[in-house]
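# Remarks on the overall topology
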Amino acid sequence: MIAYTITRDAIRLVEIRDNLGERIAEAEREGWLGEVEGLSTSLAAAEEKIAQLDARQERKDSPVFLGVPTFHQLIARTVEGTNP
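Notes on the structure in this doc start here. (Residues numbered from 1 in each chain as written. Predicted model: local features only at pLDDT ≥ 70, side-chain atom pairs only at ≥ 80, totals over all residues. Heavy atoms only, no water.)

## Quick notes on the pattern of salt bridges
- Evaluation of the coordinates by the stated rule reveals two salt bridges.
- Of the charged contacts, one joins E15 and R12 as a salt bridge, the two residues approaching to 3.3 Å between their closest N and O atoms. Pair noted here: E15 and R12 are both in helix 1 (residues 8-30), with a separation of three residues, about one helical turn.
- Classification of R12 as partly exposed rests on a relative accessible area of 48%.
- Close ionic contact of D18 with R17 constitutes a salt bridge, the shortest N to O distance being 3.4 Å. (Salt bridge = Lys/Arg side-chain N within 4 Å of Asp/Glu carboxyl O. Helix = DSSP H or I, 4+ residues; strand = E, 2+ residues; numbered from the N terminus. Buried < 20%, exposed > 50% of the residue type's maximum accessible area, 1.4 Å probe, protein only.)

## Points about a nonpolar patch on the surface
- Residues V64, L66 and V68 make up a contiguous nonpolar surface patch of roughly 350 Å² in combined accessible area.
- Along the chain, V64 falls in the loop between helix 2 (33-61) and helix 3 (71-81). (Patch = residues over 30% accessible without salt bridge, like charges linked within 9 Å, V, L, I, M, F, W, Y side chains within 5 Å. Areas by Shrake-Rupley, 256 points an atom, 1.4 Å probe, with all protein chains shown as cover.)

## Considerations on helix 1
- Helix length check: helix 1, at 23 residues, gives a terminal C-alpha distance of 33 Å against a target of 33 Å (1.5 Å per residue), a fit within 8%.
- Count one or two residues on from helix 1 and you reach G31, which has phi positive near 80°. (Expected span 1.5 Å × (residues − 1).)

## Examining the environment of R23
- Within the secondary structure layout, R23 lies in helix 1.
- When its relative accessible area of 37% is taken as the criterion, R23 is described as partly exposed.
- Residues R23 and V36, 13 residues apart in the sequence, show an inter-C-alpha distance of 8.2 Å.
- Ignoring any residue separated from it by four or fewer positions in sequence, one finds R23 in contact with E35 and L39. (Contact = heavy atoms within 4.5 Å.)

As structure tokens, this is what we get:
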């Protein structure tokens, strides 16, 4: 998992995911197949949301190219423009 600024929402999602795993194990032990299916769907949704939070944080942490010219690009323009 990517290290990101942990928000209350992220903490809660991880708690929900962990709880769903425990509930799925219980439902499997008890033979509650319909419950297993529903909980598995919820677990997949929670994991997807956590992945979205991770991807969002990764985008925030990556550099953004703003199109600012480098020093060498600026010098090249100046030299080309100063022909006598």
